[in-house]
Amino acid sequence: MSGPRAISVVNSSSEKLGGARVVATAVVLDDVSKIKEIFQKWSDVDRMDLILTLGGIGFTPREVTPEATKELIEKETPGLLYVMMQESLKVTPFAILSRAAAGIRGSTL
């Protein structure tokens, strides 16, 4: 799913998602420190409730989103990973290759 499509899905499902809406977006280089910098700002300074990421979870050396995420989360949420995998497998068998990461930092999911 592309960024604009993800924004459309969240915004059009706002009522079902408890009033969730997209308040910020960023295209971040595949660099652990850059990813961590934006995650820390959004969770610690802006105190966003939820951060969603797209991409960066493959096997090439430059795809480091899961590593950056794991360095920052304080509590893991394995149930979310399980459900994401279940739903993704309905779309493509390649979902099994995902290296997704999910967790909580402060009050940000």
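Going by the structure above, here's the rest.
Residues numbered from 1 in each chain as written. Predicted model: local features only at pLDDT ≥ 70, side-chain atom pairs only at ≥ 80, totals over all residues. Heavy atoms only, no water.

(A) Summary view of the environment of V45. Relative to the helices and strands, V45 is located in helix α2 (residues 32-45). Looking at V45, the relative accessible area reads 63%, which means it is exposed. A C-alpha to C-alpha distance of 27 Å links V45 and K16, two positions 29 residues apart in sequence. (Helix = DSSP H or I, 4+ residues; strand = E, 2+ residues; numbered from the N terminus. Buried < 20%, exposed > 50% of the residue type's maximum accessible area, 1.4 Å probe, protein only.)

(B) Examining helix α3 (residues 65-72) more closely. Along α3, the residues classified as buried are T65, P66, A68, T69 and L72. Along the axis of α3, the buried positions cluster into a sector of 160 degrees, meaning they face one direction only. Where the residues of α3 are buried, they touch α2. (Arc of directions from axis to C-beta. Contact = heavy atoms within 4.5 Å.)

(C) Highlighting the side chain of T108. Along the chain, T108 turns up in the segment after β2 (103-104). Among the polar contacts made by the side chain of T108, one reaches the main-chain carbonyl oxygen of M48 at a distance of 2.5 Å. Contact partners of T108, with chain neighbours within four places excluded, come to W42, S43, R47, M48, D49, L50, I51 and G103. (Polar contact = N/O pair within 3.5 Å; in protein donor to acceptor, adjacent residues only side chain to side chain.)

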